[in-house]
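# Structure at a glance
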Amino acid sequence: MTQTPDLLLQLPPARLQVALRLISYMLEEGRTAADPDQVLEKMCSLIRASGVPLKRAASIVQLLHAEAVASARFWEHGKGSRSELFPFNEGSGDGYARSPAADVHRTGEWVVLWLPETPDDRYGIVPDLKAEGYTHYIMAPVFMGIGTAGIFSFSTQSAEGFSDEDIRFLRAVFPALAACQEVLSTARTMKEVLRIYVGEEPQRRILSGDVHRGEVMRIRSAILFADMRRFTELTAGMSAEQATGLLNAYYDCIVPPVEAAGGEVLKLIGDGILAVFRAGEDWSQTCAQALAAARDGLARVAASAGQPRFEAGIALHFGEAAFGNVGSGMRLDYTVIGRDVNLAARVAELCGAKDEPLLVSSEFRARAGLEGRSLGAISLKGLRSQEEVFAVPLK
């Protein structure tokens, strides 16, 4: 394939100037932009400024995401840009298998379709492109250093389609387009993968440079610890897949209410869930948010129709959560530590022993202004002083 410098030299002066402007934008402003939609719009406006009759373009990247397989950004002349996520599900690969993307990723070559002569069954998108008046369609692959892949596509409704010089222009600037897509996609991937596995706050701390052992950050917060009752007993006869399904059903009951109420899930520890609600100026409001999340989560557990049926206990405490890097050498864990976290976990253990679904510490009760029913001062494992624990109603 002809290299970019040779292709640039083959462009007439006017197009060469636009090509250099586009390359400069994609490698400078574009790769550090906060809004990829704006990058796509600027890219397309410069392509059109060169004389290429571009009507529609797309930038699609593979995601490492818990709920989606790819992110797409579409631009259409006169309409601007829009974004779309392709969800992860059992059929999420079917559309890809019938698309030109599968071919460009397999071969590494561009797909160029002169649509009037392209059979409708060549790819799933061909009939739609023809129905919308498109005449020429191009898709090109992007392969990224982290192992993921992306594509760009370009479409026109011009009766003559893209000329040889139009395609030469696109090939000349494409390495800069691909480099910009890779930088933006990799930055997004880093954030999303870290958030998936360590949570929102740890993700921000790690990417801001908090990666050294012993560094600690303290946050005043309402602390929620949830625990599934009899998990070991329930899963004793299950396969790994069945046990995983049970855990996911349980997480689906507890995690969404926490996030909806403004909490952050920090750890999924087997059948334990640790979350915090950051304390603002009104600590009672923070406790109210945590209490609402706990009640909503327990209501979802009670209403769950899955088999086997399961129960959960939730403990609430107000105190200080300490984020810190612990480990040895190059293997660290960004975790939550401290007396108050331990206290919440120990109170959660009492839920099963006392047959109470929702227990709170004396500190949480005072901050939240709850009445509650005292279970008395109880010695909690690992803590020096006794803690008065209260059972609170679910409504």
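Up top is the structure these notes are about.
Bear in mind that the values here come from a model prediction, so they are computed numbers and not experimental data. Per chain, residue numbering runs from 1 following the sequence as it is written. Given that this is a predicted model, residues contribute local features only at a pLDDT of at least 70 and side-chain atom pairs are listed and counted only at 80 or more, while totals for whole chains, interfaces and linings are drawn from all residues. To obtain the side-chain values, all non-hydrogen atoms of the structure were used and water was disregarded.

So, on to the state of the cysteines. Any pair of cysteine sulfurs within 2.5 Å is marked as a disulfide. A full pass over the atoms with the stated rule returns zero disulfides. Of the cysteine sulfurs around Cys44, a residue in no disulfide, the closest is that of Cys180, at 12 Å. Remark: exposure states derive from per-residue accessible area (1.4 Å probe, protein chains only) relative to the maximum for the residue type, with buried under 20%, exposed over 50%, and partly exposed in between. Residue classification places Cys44 among the buried positions, given a relative accessible area of 0%.

The aromatic pairing rule takes the rings of Phe, Tyr and Trp, using the six-membered ring of Trp, and pairs them if the centres are within 6.5 Å, calling planes under 30 degrees apart stacked, those over 60 edge-to-face and the rest tilted. According to the stated counting rule, one finds six aromatic pairs in the structure shown. Aromatic pair Phe152 and Phe174: ring centres 5.8 Å apart, planes at 85 degrees, arrangement edge-to-face. A residue pair is termed long-range when its members are at least 10 positions apart, and Phe152 in strand 6 (residues 149–156) and Phe174 in helix 7 (residues 164–198) qualify at 22 residues. Like Phe152, the residue Phe174 is buried in the burial classification. Taking 5.6 Å as the distance between ring centres and 40 degrees as the angle between the ring planes, the aromatic pair formed by Tyr250 and Tyr251 counts as tilted. Grouping aromatic residues by their ring pairs yields a cluster made of Trp110, Phe152, Phe154 and Phe174. Here, a charge over a ring is recorded when the distance from Lys NZ or Arg CZ to the ring centre is within 6 Å and its angle to the ring normal is within 35 degrees. Stacked on the ring of Trp110, the Lys or Arg Arg171 has its end atom at 4.1 Å from the ring centre. It is Arg365 that lies over the ring of Phe390; its NZ or CZ is 4.3 Å from the centre. Helix numbering and strand numbering both begin at the N terminus, where a helix is a DSSP run of H or I of at least 4 residues and a strand a DSSP run of E of at least 2.

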